[in-house]
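So you can see what is in the structure, the chains are spelled out below.
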Amino acid sequence: AYPEGMASCVAPIAAAIRVPALARHAAKPRARAIVPLRAVNEAGEYISVRDTIEAKIAAEIDCEMLVVNDDSAKHSLHKGMHDGNAKTHGAESHFSVVVVSESFAGMNPVKRHRQINAILKEEFDAGLHALQLTTRTPAEHAKATGGK
């Protein structure tokens, strides 16, 4: 397929690129530690990830409004979501959260999101895959929703 003389130049280069890449992937073990995402209360009853997220945020931030939605069903058919490749270990993997708090005053959105992510570090480590955050002060929320 290559012009005469070119095949002898291309083949060794392609082999040199391909072999180390394959060796690199083959050398790495694919095993992952599975940490259960599900929390259990003192009575041994399952606590949903949604409830855990809500409780942890409410305990750390004085919220005027806190809404946690489990959006996992919208993503259940995504390739690789529940076969271990995305680090998810259950049906509760995607959430959207709205937090309205006066404590966000003077903080930029990145700092607000980092604060929430730090609160939920254990959940991320255990397999929480996606968290869509809306963080506002009461004034910002009133402006965004038309006072509702």
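Our subject is the structure that appears above.
Presented here is a report on the structure given in the accompanying data block. None of these values were measured; they are calculated from a predicted model.

Time to look at helix α3 (residues 109-119). For α3, the full list of buried residues reads R112, I116 and I119. Burial along α3 is one-sided: seen end-on, the buried residues are contained in an arc of 60°. Exposed side chains of α3 directed beyond 90 degrees from the buried face belong to K111, R114 and A118. Of the surrounding elements, those touching the buried residues of α3 are α2 (49-60), β4 (94-100), α4 (121-126), β5 (130-136) and α5 (138-145). Sitting at the amino-terminal end of α3 is N108, which places a side-chain oxygen 3.1 Å from the backbone nitrogen of V110.

With that out of the way, let us pick up the nonpolar core. In this structure, I53, I57, V97, V99 and I116 are the most contacted members of the largest nonpolar core, which totals 16 residues. At the level of secondary structure, the elements contributing two or more residues to this core comprise α2, β3 (65-70), β4, α3 and β5. In this structure I53 touches V68, F95, V97, L120 and L128, once residues within four positions along its chain are discounted.

Rules of the game
Residues numbered from 1 in each chain as written. Predicted model: local features only at pLDDT ≥ 70, side-chain atom pairs only at ≥ 80, totals over all residues. Heavy atoms only, no water. Buried < 20%, exposed > 50% of the residue type's maximum accessible area, 1.4 Å probe, protein only. Helix = DSSP H or I, 4+ residues; strand = E, 2+ residues; numbered from the N terminus. Arc of directions from axis to C-beta. Contact = heavy atoms within 4.5 Å. Polar contact = N/O pair within 3.5 Å; in protein donor to acceptor, adjacent residues only side chain to side chain. Core = buried A, V, L, I, M, F, W, Y, C linked by side-chain atoms within 4.5 Å.

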